[in-house]
Amino acid sequence: MVVGDRPGPGGRVIGESPRVRVVVHDLGRSGVPVVLFRYLEALPAALRDGVSVLAGWDGPLRRDLSALGVRVGVVWSSEHRRAGRLVAPLGGRAAALAVAADVRRAARRLPTPDVVVWHGAGSLQLTGARPEVAASVVHLHELDVALGRSVAPQVLRAELERARTVAVVTPEVGPALERYCGWVGSSVVVPGCADRVDAT
């Protein structure tokens, strides 16, 4: 898992086997969650031990991730409750606070992470998923239109500036980020696929 070489929060050094929380918008069988499952499936079981997943709402991939031994937390299992909450970062402050409270409640069931990986721009809607002491990694798949549907530009830019590493699935994502939120930092290309890692 790439976390980069910049110091963590407060200059904290992250060890060789960090506890990693991957935040994802949902656990449906759509592109971004499926890519996450393939990444984790490709890892040897020993490397998955330190990984947990926090999802905005439930879906069929929860069972698949659990079968890999990955701890999974879900913020909303009800479509009705999710519909009333998940628009919050694009809306008012009161709604955003309500989302953060729901997210923190779900996150308490998971290990406290050293690193939070925001997997896909939609994951950034889950305000409160990253503890202040955790380092941030952002992995983006989206281009212009999808970015606009996923997260407010000021929220995205703030997390990109905070991140130790920004990864993108294709070089075209970088210019899209500049157009959408004005961020012009460096990124690494991590394709949206994974080859199985030999455990030996």
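Residues numbered from 1 in each chain as written. Predicted model: local features only at pLDDT ≥ 70, side-chain atom pairs only at ≥ 80, totals over all residues. Heavy atoms only, no water.

Q: Any chance you could explain the overall build of the protein chain here in plain terms?
A: For the protein chain, the count of helices and strands is 8 helices and 7 strands. The buried share among the 200 residues of the protein chain stands at 48%. Of all intrachain contacts in the protein chain linking residues separated by at least 6 positions in sequence, the fraction that spans at least 24 positions is 66%. Element-wise, carbon and sulfur atoms account for 54% of the exposed surface of the protein chain, whose accessible area totals about 9,900 Å². (Helix = DSSP H or I, 4+ residues; strand = E, 2+ residues; numbered from the N terminus. Buried < 20%, exposed > 50% of the residue type's maximum accessible area, 1.4 Å probe, protein only. Contact = heavy atoms within 4.5 Å. Areas by Shrake-Rupley, 256 points an atom, 1.4 Å probe, with all protein chains shown as cover.)

Q: What is the right way to read the sheet that holds strand β6 (residues 165-168) from this model?
A: Across the sheet, 7 strands lie side by side as β3-β2-β1-β4-β5-β6-β7; this open sheet has parallel pairing. The open sheet has two edge strands, β3 (71-76) and β7 (188-189), and neither has a second partner. Pairing between strand β1 (residues 20-26) and strand β2 (residues 51-57): 6 bridges, direction parallel. Within β2, the position partnered with Val24 by the bridge is Ala55. Contacting β1, β2, β4 (115-119) and β5 (135-140), helix α1 (residues 31-42) crosses the sheet at an angle of about 150° to β1. (Pairing = 2+ DSSP bridges. Axes fitted to C-alpha atoms, helices over the stretch in contact; angles between N-to-C directions.)

Q: What am I meant to see in the pattern of salt bridges here?
A: As a working rule, side chains carrying opposite charge can pair if their charged atoms are close by. Overall, the coordinates contain 8 salt bridges when judged by the stated rule. With a shortest N-O distance of 3.3 Å, Glu159 and Arg130 are connected by a salt bridge. Placement of the pair is Glu159 in helix α7 (residues 153-162) and Arg130 in the loop between β4 and β5, with a sequence separation of 29 residues. For the pair Glu159 and Arg130, one class covers both residues: buried. The shortest N-O distance in the salt bridge between Glu161 and Arg157 comes to 2.7 Å. Here Arg157 and Glu161 lie together in helix α7, a separation of 4 residues that amounts to about one turn. Residue class for Glu161 comes out partly exposed when judged on its relative accessible area of 46%. A relative accessible area of 34% places Arg157 in the partly exposed class. (Salt bridge = Lys/Arg side-chain N within 4 Å of Asp/Glu carboxyl O.)

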